[in-house]
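# Chains, contacts and geometry: an overview
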Amino acid sequence: MAPGRAARLLLLLLAGSGLEPGAADRCSWKGSGLSWEPHSRTVEQVHLRCTEGSLEWLYPARALRVVLEPNLASARHTTVCIKPASDFQGASIYVERAGQLHLVVSEAEEARLHHVSCFSAHTPQRVALFLQASPQRDISRRTASFQYELLSNQSAAGPDFQKMALVEAMCRPCDNMELLMAICSSDFVVRGSIQNVSHDPENHMSQVEVSAQKVYRQKNRIFRQDEATGEWRGPIKTLLQCKVKKGAGDFLFTGNEHFGEAWLGCAPRFKDFNSIYQTARDRGTNPCEFQFS
């Protein structure tokens, strides 16, 4: 069935059925189509109240409406990104815009299942997604699961994840103010050295393996301590076009996390940052305090 026709049929289904409200005030949801009444036309509705989380729909059946509605009255989230699980099966994902459904992730397009899909939110504080179950001839286990993130102040230069969600992965060096702001607002701040750099031309990404001397801050446990050696290590991703190379010396790695992965922002040499910070502190222009110890 063509995506446009499927979307129209789904809208008719939703218009003529009841909506079963899901529990509110949660970041993630897990449910099963097997628990629904076989002859009911009710479409279950799930509210997710966070700027990031996940959804796992086992044995997809009929349709599921997912409302992303973060509890942040002042937030203006303009971009939504969805990362399907590697074993995503059994459904397609649509986004509602002006009363119409637009296909975002299709089970039939395997290539798109391995990439992050981003799109603009026409209503920044409320985004509705529809998951439509694919016709099945048996009851073998299928799971439609994905992670989501709502992002603000992101570039709309292109539809791909690298351009829209990872604008902090800039190839140009950060200026002094950007460096000072990075230690205040980044998801991770780590002092360390580059152990190895690997490149993934197919996905236009590079990965920097970092040996950390000091983990000042991290949102999640990306940098972990080796039980045998006691050394802290972690991977940081960046864009292939930045042409990152292995270099000697200590750096201060900063950046943000997306879907459980660290993405490089500013990464000055530690001695250079130390000098910049001390000068700003002496002048009283540092935006936040940074403890080196």
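Residues numbered from 1 in each chain as written. Predicted model: local features only at pLDDT ≥ 70, side-chain atom pairs only at ≥ 80, totals over all residues. Heavy atoms only, no water.

## Thoughts on the overall build of the chain
- Of the regular secondary structure elements, the chain holds five helices and 17 strands.
- Considering only contacts in the chain between residues 6 or more positions apart, those separated by 24 or more positions represent 68%.
- On the chain, roughly 15,500 Å² of surface is accessible, and the fraction owed to carbon and sulfur atoms is 49%. (Helix = DSSP H or I, 4+ residues; strand = E, 2+ residues; numbered from the N terminus. Contact = heavy atoms within 4.5 Å. Areas by Shrake-Rupley, 256 points an atom, 1.4 Å probe, with all protein chains shown as cover.)

## Here's the deal with the pairing of strand β7 (residues 91-97)
- With five of seven residues buried, β7 lies mostly within the body of the structure.
- Two strands pair when backbone bridges link them, and β7 and strand β8 (residues 100-105) are joined in this way by five bridges, in the antiparallel orientation. Bridge pairing links V95 to H102 in β8.
- In this antiparallel pair of consecutive strands, β7 and β8, the connection spans two residues, and A98 shows a positive phi of 50 degrees. (Buried < 20%, exposed > 50% of the residue type's maximum accessible area, 1.4 Å probe, protein only. Pairing = 2+ DSSP bridges.)

## A few points about the state of the cysteines
- This structure, assessed with the given rule, holds three disulfides.
- Disulfide partner of C184: C288, at an S-S distance of 2.0 Å. On the S-S bond that ties C184 to C288, the torsion sits near -95 degrees, and the link is left-handed. Highlighted residues: C184 in helix α4 (residues 176-185) and C288 in the segment after α5 (270-283), separated in sequence by 104 residues. (Disulfide = S-S within 2.5 Å.)

## Thoughts on the packing of aromatic side chains
- The final tally for this structure, using the stated rule, is six aromatic pairs.
- Residues Y216 and F290 carry aromatic rings whose centres are separated by 4.8 Å and whose planes lie at 55 degrees to one another, so their mutual orientation is tilted. Separated by 74 residues along the polypeptide, Y216 in strand β13 (residues 205-218) and F290 in the segment after α5 bring together distant segments of the chain.
- Within the aromatic cluster, the residues linked to one another by ring pairs are Y216, F273, Y277 and F290. (Phe/Tyr/Trp six-rings, centres within 6.5 Å; stacked < 30°, edge-to-face > 60°.)

## Looking at the confidence of the model for the chain
- Averaged over all residues, the pLDDT of the chain equals 80, while 77% of them reach at least 70.
- Below a pLDDT of 50 lies the segment residues 5-24, which in the model reaches 39 contacts outside its immediate sequence neighbourhood of four places, other chains included.
- Overall, residues 154-169 carries pLDDT values under 50, and its contacts beyond four positions in sequence, including any with other chains, amount to 43 contacts. (pLDDT = per-residue confidence, 0-100.)

## Digging into unusual backbone geometry
- Positive phi, close to 55 degrees, is recorded for R62, a residue that is not glycine.
- As for its position among the elements, R62 is in the loop between β4 (52-58) and β5 (63-68).
- According to the relative accessible area criterion, R62 is partly exposed, its value standing at 27%.

## Section: the pattern of salt bridges
- Throughout the structure, instances matching the rule amount to seven salt bridges.
- Between E52 and K219 there is a salt bridge, with its nearest N and O atoms 2.7 Å apart. Taken as a pair, E52 in strand β4 and K219 in the loop between β13 and β14 (224-225) lie far apart in primary sequence, 167 residues in all.
- Under the relative-accessibility criterion, E52 is labelled partly exposed at 33%.
- Among the ionic pairs, R191 bridges to D250, the shortest N-O distance being 3.3 Å. Of this pair, R191 sits in strand β12 (residues 188-200) while D250 sits in the loop between β15 (232-239) and β16 (251-258), and the two are 59 residues apart along the sequence. (Salt bridge = Lys/Arg side-chain N within 4 Å of Asp/Glu carboxyl O.)

## Digging into α5
- When the terminal C-alpha atoms of α5 are compared, their 20 Å separation across 14 residues agrees well with the 20 Å that a helix rising 1.5 Å per residue should span.
- Among the residues of α5, those classed as buried are F270, F273, I276, Y277 and A280. All buried residues of α5 fall inside an arc of 125 degrees around its axis, so they share one side. When the buried face of α5 is taken as reference, the exposed residues oriented beyond 90 degrees from it are K271, D282 and R283.
- Where α5 is buried, its residues touch α4, β12, β13 and β16.
- Immediately beyond the C-terminal end of α5, within one or two residues, lies G284, with a positive phi of roughly 75 degrees. (Expected span 1.5 Å × (residues − 1). Arc of directions from axis to C-beta.)

## Concerning the nonpolar core
- Grouped together as the largest cluster of nonpolar side chains are 27 residues, with contacts concentrated most on W57, L68 and L129.
- Among the elements of the structure, β3 (43-48), β4, β5, β6 (77-84), β7, β8, β10 (127-133) and β11 (143-152) are those that each provide at least two residues to this core.
- Counting residues in each nonpolar core, the second largest holds 19 residues, with M205, V210, I222 and L264 among its members. (Core = buried A, V, L, I, M, F, W, Y, C linked by side-chain atoms within 4.5 Å.)

## Considerations on the environment of N256
- Tracing the backbone shows N256 in strand β16.
- Residues N256 and S186 lie 70 residues apart in sequence; the distance between their C-alpha atoms is 5.5 Å.
- From its side chain, N256 meets the backbone nitrogen of D187 in a polar contact 3.2 Å long. (Polar contact = N/O pair within 3.5 Å; in protein donor to acceptor, adjacent residues only side chain to side chain.)

## Considering the environment of L131
- When you line up the elements, L131 lands in strand β10.
- Owing to a relative accessible area of 0%, L131 belongs among the buried residues under this scheme.
- Residues within four places of L131 in sequence aside, it is in contact with L55, W57, R62, A63, L64, V66, S92, I93 and F146.

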